[in-house]
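Examining the three-dimensional arrangement
Spelled out, the chains give:
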Amino acid sequence: MALSVLIGSVYLVLVTTIMGPVPDVVINAYGRSVVIVAVGVIVSILSLRLSSEKEKYLGLLDDQNDLVAMIESDGTYSFVNAAYCRFFGASADEIIGMSYHEQYPPEESALLDTFFRSLSPSHPSGVMELRARGADGIMRMFQWNVSGHFGEKGKSGSYLCSGRDITSLREMEKALRSSEEKFRALFSHARDGILVNGLNDDLTFDPFFEINRYTLDLFGYEREEMAVMTPLDLVVSAPQAMPHWLETVREGTARTFREEVQCRRRDGSVFPADVTAVAFDLHGSTVILSILRDISLRKEAQKKIIRSEELYRTLFENTGTAMLVVDDDGTIRNANNEVETTFGYPKAALLSGEMRFDDITVPEERFGDLGAVAAKEGPDARFRGNIRLIDATGMYRDTFCTIARIPGTQQLILSIADQTGTRQSSLLLATVNEINQAVVYERDTGFLIQRVCSEFTALDEYYVIAISIIEGSGLVYRKISVEAYEPMHRAYLRSAGGADRATRSGLVEYDEWQETEGDERPIQVINFPMTADEEIIGAITVYLRPSVSITDPEIDTLGALANDIGFAIRSRRLEAEKLEALAQIEKNIEQLSIINDHIRNPLQVIVGYAVLDDWEHTEKVVDQAEEIDRIINRLDQGCLESSKIREYLIRHSGIHPGDDT
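Quantities reported herein were computed from a predicted structural model and do not represent experimental measurements. (Residues numbered from 1 in each chain as written. Predicted model: local features only at pLDDT ≥ 70, side-chain atom pairs only at ≥ 80, totals over all residues. Heavy atoms only, no water.)

**Notes on the packing of helix α14 (residues 420-441) against helix α15 (residues 445-455)**
Where α14 contacts α15, the axes come no closer than 9 Å and their chain directions differ by 170 degrees. What the angle tells us is that α14 and α15 run roughly antiparallel. Where α14 approaches α15, its residues Thr431, Glu434, Ile435, Ala438 and Val439 are matched on the opposing element by Leu448, Arg451, Val452 and Glu455. (Axes fitted to C-alpha atoms, helices over the stretch in contact; angles between N-to-C directions. Helix = DSSP H or I, 4+ residues; strand = E, 2+ residues; numbered from the N terminus. Parallel < 35°, antiparallel > 145°, perpendicular 65-115°, else oblique. Contact = heavy atoms within 4.5 Å.)

Following this line, the structure appears as structure tokens:
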């Protein structure tokens, strides 16, 4: 503007000076000066507006997050925005005038050169992707929009480049491609049948448009064949719940549909399948994704498991041995019926979750942590040993217990064999052996009975025995193995119960007896007759302790023992009778000898008188006296034979005269 005023003023002065003060000339000069000033003012105003627009434009470029640069035809920068400077970590002054070859790797620079050469007046712009390393050292991907400016004859002038960071986008695309590849791989190689089909508004099915490879192999169809099929073509019959589910799909309240269905293969074979279906919108249409799993093997495995469980349950309940399943701390989790039968504990109480194995074990033999006991034997080993348990009546029972870990669990299985009867029988046999020795060597009946009862005290935890002898018309108590039972036994004998019946019938008699009035469980009583050569000597009465059983072999053993004792008592009686007979023989011999002497002395006197007197009957008297003497001699011979018999009895019977036994 100032320049235009100066030029106008100089022009007016020169015209006036040269032309003189000619009015027309001066007026024209003034007019031209005004025009010159006006043009200057207009140009100034336009320049100011252009400068303002340029500042706004450059400000907009600096505010952009995209990288903006102007590259001249020689490859140098003529303009860069603030974002460009920030990315490369340099000021505009440092970058302007620099060649882009200094900022990009050689391979990227070569790509940019090639791209610039591809632009022409007919194709002045384009898009390319180029990598650049920023000030942070990270290589990033940019999408560049390049616009070329060409001068006369198509000669390139400059290139305006706008770059947008698409690193995250490319990473997302890469991740999406990777995800799609993974999905496709999973879809194709999944070991479940996966099918996708459309659903029409009238709830009819469209054919499948997505089918994985496993589905084709499972049903035996080719892809082209299944592409015209719907879900109903693959099942024997539609699930009953499907219509209701499709209605919920229409209403928009559908949840996952899952049901077991029977599917049919191409060859007509049928197999069970677990089908899960989900309905969702895809591009404005309703589609159904179905996942189908062949559960034939699972069904077969379930059948095997059920059969195995039934077999286990049958074995567990019918093994004939008491069995428990317990936790490591001994808490009882399962018990078979044999436990209740053997030990008397109700099964409901055992499985209440409050009873532990230690609760039925005698205090001095409790384990505490059964898991630690099993662990000591090794992972595959078992604990085996004798354990005394307590039954529901409080009686101790001898058992042989096996403890083993159930594989893959925190539980143990206990197999308990009740050996109380075995121990009871062993003790009985040992007692019988001792009694048999007493039967052989004990001479006195009273001592024999006392010895028998004394030996039976070894069995007093199982049963008590009492011995009664027939004297006169009834049984008489002699001895009992536990003295505390004597009053009860005497009362039992007075009742004329099983003991009396046994002595009359000669058979084993069973009975029950209540020790005190009101006892809930009467005592079981077994009476054995003591028989010797069909003669009943007495009875042995056996009182069973509560909850004690007695086996048939034990009954046979006690019956045989009763007969042995009866025979021994009868033998002792016979020996006593032998002693009496020997004493009588000795007495008879002695008396007979005395009588013989008494007879001979008077006989000799008679013969003497008859000989002295010449009596006509002397000869007859002498003959009769000799006959009497011969008779006495025969009596003496009889005494001799009696003595021999006595000596024989003494020698072969072991009985001695004067022996107290």
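There's plenty left to go through after this.
**Some points on the packing of aromatic side chains**
Counted under the stated rule, the structure contains 15 aromatic pairs. With a centroid separation of 4.9 Å and 80 degrees between ring planes, the pair formed by Phe87 and Phe142 is classed as edge-to-face. Of the two residues, Phe87 is situated in helix α3 (residues 82-88) and Phe142 in strand β4 (residues 139-150); the sequence distance between them amounts to 55 residues. You'll find Phe87 and Phe142 in the same group, each marked buried. Seen from their ring centres, Tyr100 and Phe116 are 5.7 Å apart, and the 80 degrees between their planes marks the pair as edge-to-face. Taken together, the positions of Tyr100 in the loop between α4 (92-95) and α5 (106-118) and Phe116 in helix α5 put the pair 16 residues apart, joining distant regions of the chain. An identical accessibility class is assigned to Tyr100 and Phe116; each is buried. Clustering of aromatic rings is evident, with ring pairs tying together Tyr77, Tyr84, Phe87, Phe88, Tyr104, Phe142 and Trp144. (Phe/Tyr/Trp six-rings, centres within 6.5 Å; stacked < 30°, edge-to-face > 60°. Buried < 20%, exposed > 50% of the residue type's maximum accessible area, 1.4 Å probe, protein only.)

**Focus: the pattern of salt bridges**
A side chain of one charge can pair with a side chain of the opposite charge when the charged atoms of the two come close. Tallied over the entire structure, the rule returns 32 salt bridges. With a shortest N-O distance of 3.3 Å, Asp217 and Arg213 are connected by a salt bridge. With Asp217 and Arg213 both in helix α7 (residues 213-219) and four residues apart, this pair spans about one turn of that helix. Of the residues examined, Asp217 reaches a relative accessible area of 51% and is grouped as exposed. A residue is classified by how much of its surface remains accessible, and Arg213, at 39% relative accessible area, is partly exposed. In this structure, Asp533 engages Arg570 in a salt bridge whose closest nitrogen and oxygen atoms are separated by 3.0 Å. Here the residue Asp533 occupies a position in the loop between β19 (523-532) and β20 (535-544), and Arg570 occupies one in helix α18 (residues 552-612), the gap between them amounting to 37 residues. The exposure class assigned to Asp533 is exposed, which follows from its relative accessible area of 55%. Three or more residues joined by partner-sharing salt bridges are found here, namely Glu107, Glu108 and Arg131. (Salt bridge = Lys/Arg side-chain N within 4 Å of Asp/Glu carboxyl O.)

**Looking at the sheet that holds strand β10 (residues 285-294)**
Strands sit in the order β7-β6-β10-β9-β8 across an open sheet of five strands; the sheet is antiparallel. The sheet terminates laterally at β7 (205-211) and β8 (257-264), the two strands that pair on one side only. On average, adjacent strands in this sheet sit at an angle of 35 degrees to one another, irrespective of strand direction. Summarising the sheet, strand β6 (residues 193-199) and β7 pair through four bridges and their orientation is antiparallel. Following the sheet pairing, Leu199 is matched in β7 by Phe205. (Pairing = 2+ DSSP bridges.)

**A word on the sheet that holds strand β14 (residues 396-405)**
Spatially, the five strands line up as an open sheet ordered β12-β11-β15-β14-β13, and their pairing is antiparallel. Looking at the sheet topology across the chains shown, the edges are occupied by β12 (332-335) and β13 (383-390). With direction set aside, neighbouring strand axes in the sheet form an average angle of 30 degrees. Where strand β11 (residues 322-327) meets strand β15 (residues 411-418), six bridges bridge the pair, whose relative direction is antiparallel. Pairing of Val326 across the sheet is with Leu412, part of β15. The strands that helix α10 (residues 296-318) touches are β11, β12 and β15; relative to β12, the one it contacts most, it runs at about 85 degrees.

**Let's talk about the side chain of Asp358**
Here Asp358 lies in the loop between α12 (347-350) and α13 (370-376). Buried within the structure, Asp358 lacks any salt-bridge partner; its nearest side chain of opposite charge belongs to Arg356, at an N-O separation of 4.4 Å. The contacts of Asp358, once residues within four sequence positions are left out, are Arg366, Phe367 and Gly368. (Lys, Arg positive; Asp, Glu negative; His and termini not counted.)

**Points about the pairing of β14**
For β14, the buried fraction is high: seven of the ten residues fall into the buried class. Pairing between β13 and β14: eight bridges, direction antiparallel. Note on β14: the bridge partner recorded for Ile387 is Thr399. Bridge count for β14 against β15 is seven bridges, and the pairing is antiparallel. Among the inter-strand pairings, Thr402 is bridged to a residue of β15, identified as Ser415.

**Points about unusual backbone geometry**
Despite not being glycine, His283 has its phi angle at roughly 55 degrees, a positive value. Looking at the secondary structure, you find His283 in the loop between β9 (270-282) and β10. For His283, a relative accessible area of 81% gives the class exposed. At Glu534, a position not held by glycine, the phi torsion is positive, near 65 degrees. Along the polypeptide, Glu534 turns up in the loop between β19 and β20.

**Structural notes on the environment of Ser290**
Summarising the element assignment, Ser290 is placed in strand β10. Judged by its relative accessible area of 11%, Ser290 falls in the buried class. The spatial distance from the C-alpha of Ser290 to the C-alpha of Pro231 is 8.7 Å, given a sequence separation of 59 residues.

**Description of the environment of Thr167**
In this fold, Thr167 is placed in helix α6 (residues 167-189). A C-alpha to C-alpha distance of 9.2 Å links Thr167 and Arg131, two positions 36 residues apart in sequence. Leaving out residues up to four positions away in the same chain, Thr167 has contacts with Arg140 and Met141. Separated by 2.7 Å, the side chains of Thr167 and Asp165 make a polar contact. (Polar contact = N/O pair within 3.5 Å; in protein donor to acceptor, adjacent residues only side chain to side chain.)

**Focus: the nonpolar core**
If you look at the biggest cluster of nonpolar residues, it comprises 34 residues, and the most contacted ones within it are Phe456, Tyr463, Met530 and Val542. Take this core: its biggest share by element is seven residues, from α18. Beyond its immediate stretch of four places on either side in the chain, Tyr463 contacts Gln424, Leu428, Phe456, Val542, Tyr543, Leu544, Arg545, Ile550 and Glu554. In this structure, Leu67, Ala83, Phe88 and Leu119 belong to the second largest nonpolar core, which totals 25 residues. (Core = buried A, V, L, I, M, F, W, Y, C linked by side-chain atoms within 4.5 Å.)

**Section: a nonpolar patch on the surface**
Together, Leu3, Leu6, Ile7, Val10, Leu14, Ile18 and Met19 give the surface a local cluster of nonpolar side chains, amounting to about 700 Å² of exposed area. With respect to the helices and strands, the residue Ile18 is situated in helix α1 (residues 2-19). (Patch = residues over 30% accessible without salt bridge, like charges linked within 9 Å, V, L, I, M, F, W, Y side chains within 5 Å. Areas by Shrake-Rupley, 256 points an atom, 1.4 Å probe, with all protein chains shown as cover.)

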